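In case you want the letters, here they are:
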Amino acid sequence: MATGAGTQDIGERDTPARDAGPQPAGPGDVHARDAWARDRDAWARDVDETVAVTVRALRAVADRDWSGPAAGLEWSCHETAVHMAGDFVGYAAQLTGRVTDTYVPLDVVAPPGTDPAGLVRVVEATGGLLSAAVRTTPAGVRAWHPCGATGADGFAAMGVVEALVHTHDIVRAHGLPDRWAPAELSARVLDRLFPHVPRTGDPWRTLLWATGRADLDGAPRPAVWRWYGEPVRSARLLLCEVSPNVGADLHDGGDGGFTWTDGGPPEGTRIAGRLVAEAHAAGAYRPGWGPYVIVRAADRRAVGAVGFHAAPDADGLAEVGYDVVEGARGNGYATEALRALAGWAFAHPATAVLRAVVDHGNAPSHRVVARAGFTRAREGEDAAVYELRRT
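Residues numbered from 1 in each chain as written. Predicted model: local features only at pLDDT ≥ 70, side-chain atom pairs only at ≥ 80, totals over all residues. Heavy atoms only, no water.

Colleague: Explain the pattern of salt bridges residue by residue, including any values.
Modeller: Scanning the entire structure with this criterion turns up 21 salt bridges. Residue Arg 205 pairs with Asp 178 through a salt bridge whose shortest N-O separation is 3.5 Å. With Arg 205 in helix α6 (residues 203-210) and Asp 178 in the loop between α4 (152-173) and α5 (183-193), this pair connects stretches of sequence that are 27 residues apart. Given a relative accessible area of 27%, Arg 205 falls into the partly exposed group. Linked by salt bridges that have partners in common, Arg 142, Asp 153, Arg 192 and Glu 230 make up one network. (Salt bridge = Lys/Arg side-chain N within 4 Å of Asp/Glu carboxyl O. Helix = DSSP H or I, 4+ residues; strand = E, 2+ residues; numbered from the N terminus. Buried < 20%, exposed > 50% of the residue type's maximum accessible area, 1.4 Å probe, protein only.)

Shown next as structure tokens:
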């Protein structure tokens, strides 16, 4: 994928045209707004439930010493509880401040001498702030997060995950069982933030595995993990961005936190991961404008990658490439992923044209770009240049 669309023999059969999936309803769609408000209120209730169950679990160990490390972390239990409160407040501030480019510059601290019982009260109070912010955020508001801009539902789900897993870290440090988290709540945040993680009959254990805290059905815990607040979606696929830590893991021979179909990840995807990690180290990383892992929604298995070689240049031009695991070829995944990626790109005003360079002898890739709407712009000695322009 990293070396261009012409380097991989995708081997796809002709498949019906597919678009990038349904788009968010406009502000004039009353029914859609009502549905969104109901979902927003449901997420606020999820935050309330999370606060209730975590506070109950934390109070069970509030008579212990919280100066020691939380399970699996370098932070102490005290620091972990403060971190939870900081997440609640930080996510609420992103929503109320309508912040679109970075975090609101604030911090949460506990005064010296605050005991565990006091920290539990801080967690409870700040959780209420996030719940209130979620309930009052209008439809259409999206705020910045390093894992992708998202709305009230996304920040609510992030708050739920942070609270559940860090409460687990604290109570496990004191030897208590970790079977206190509601399965339905765990399943809901898995669906919202971890669409790439295969499901099991135990949502809580799956969430712990997805966040690197437990083994699962013989599968070792992932070396790196992240959530995806806003994956690019199409009819059958999810496109999950390769961030620098994921890219470094892929390049080093890891799975990037994905469950791959047999034969994955392909070599081009590993090369693309290295380029992302190098760009980040050089200060040139542009979130969103790199590779994305292609995840098959039906079974949540990764089947390849698609993405940009760089952000659009001064003329609004960005080059794209793709790479599909050999055993997953012939299903139209590259075409569908490329269409979805193009839809995402053209939603950004900086993008005017997408380019794909295809080797002359790579007939399957010529079909991929043509079905995705690209047209031949010119011929080179070894490859054809295809372009798709904003309409």
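Colleague: Outline the environment of Val 171, listing residues and values.
Modeller: Assignment of secondary structure puts Val 171 in helix α4. For Val 171 and Asp 63, which are 108 residues apart along the polypeptide, the C-alpha to C-alpha distance reads 12 Å. Leaving out residues up to four positions away in the same chain, Val 171 has contacts with Ala 57, Val 61, Leu 176, Pro 177 and Trp 180. (Contact = heavy atoms within 4.5 Å.)

Colleague: Report on the packing of aromatic side chains, specifying residues and quantitative values.
Modeller: Going through the model one piece at a time under the given rule, you end up with 11 aromatic pairs. Seen from their ring centres, Tyr 91 and Phe 155 are 5.6 Å apart, and the 50 degrees between their planes marks the pair as tilted. A residue pair is termed long-range when its members are at least 10 positions apart, and Tyr 91 in helix α2 (residues 77-97) and Phe 155 in helix α4 qualify at 64 residues. With 5.1 Å between their ring centres and 90 degrees between their planes, Tyr 103 and Trp 144 make a pair best called edge-to-face. Taken as a pair, Tyr 103 in the loop between α2 and α3 (116-136) and Trp 144 in the loop between α3 and α4 lie far apart in primary sequence, 41 residues in all. Note on Trp 144: relative accessible area 24%, which makes it partly exposed. One aromatic cluster in this structure is built from Trp 289, Tyr 292, Phe 308 and Trp 344. Directly above the ring of Trp 43 sits Arg 188, whose terminal nitrogen or CZ lies 4.0 Å from the centroid. (Phe/Tyr/Trp six-rings, centres within 6.5 Å; stacked < 30°, edge-to-face > 60°. Lys NZ or Arg CZ within 6 Å of the ring centre and 35° of its normal.)

Colleague: I'd like a description of the packing of α5 against α6, backed by residues and values.
Modeller: Geometry of a packed helix pair, given as the angle between the helix axes and the separation of the axes. Two elements in contact, α5 and α6, have axes whose closest approach is 8 Å; the angle formed by their N-to-C orientations is 45 degrees. For the element pair α5 / α6, the angle class is oblique. As for how α5 packs across α6, the hand of that crossing is left-handed. On α6, the residues that touch Ala 183, Ser 186, Ala 187, Val 189 and Leu 190 of α5 are Pro 203, Trp 204, Thr 206, Leu 207 and Ala 210. Considered class by class, the residues forming the contact of α5 with α6 number 8 nonpolar, 2 polar and no charged. (Axes fitted to C-alpha atoms, helices over the stretch in contact; angles between N-to-C directions. Parallel < 35°, antiparallel > 145°, perpendicular 65-115°, else oblique. Left-handed = near helix turned anticlockwise from the far one by under 90°. Nonpolar A, V, L, I, M, F, W, Y, C, P; charged D, E, K, R; others polar.)

Colleague: Explain the packing of α2 against α3 to me, using residue names and the numbers behind them.
Modeller: Viewed as axis vectors pointing N to C, α2 and α3 meet at an angle of 20 degrees, and their least axial separation amounts to 8 Å. With respect to α3, the element α2 is oriented roughly parallel. The chirality of how α2 crosses α3 is left-handed. Two secondary-structure elements touch here, α2 through His 78, Ala 81, Val 82, Met 84, Ala 85, Phe 88, Val 89, Tyr 91, Ala 92, Leu 95 and Thr 96 and α3 through Leu 119, Val 122, Val 123, Thr 126, Gly 127, Leu 129, Leu 130, Ala 133 and Val 134. For the contact of α2 with α3, a count of residues per class yields 16 nonpolar, 4 polar and no charged.

Colleague: Could you give me a rundown of the sheet that holds strand β2 (residues 237-241), with the residues and numbers involved?
Modeller: If you trace the 8 strands from one edge of the open sheet to the other, you get β1-β2-β3-β4-β5-β6-β8-β7, paired in mixed fashion. The outermost strands of the open sheet, each flanked by one partner alone, are β1 (232-233) and β7 (375-379). On top of the sheet, helix α8 (residues 267-281) reaches β3 (291-296), β4 (301-308) and β5 (317-324); it is set at about 140 degrees to β5, its chief contact. Taken strand by strand, helix α10 (residues 363-371) contacts β5, β6 (353-359), β7 and β8 (383-389), and its axis lies near 165 degrees from that of β6. (Pairing = 2+ DSSP bridges.)

None of the figures reported here should be taken as evidence of function without further support.
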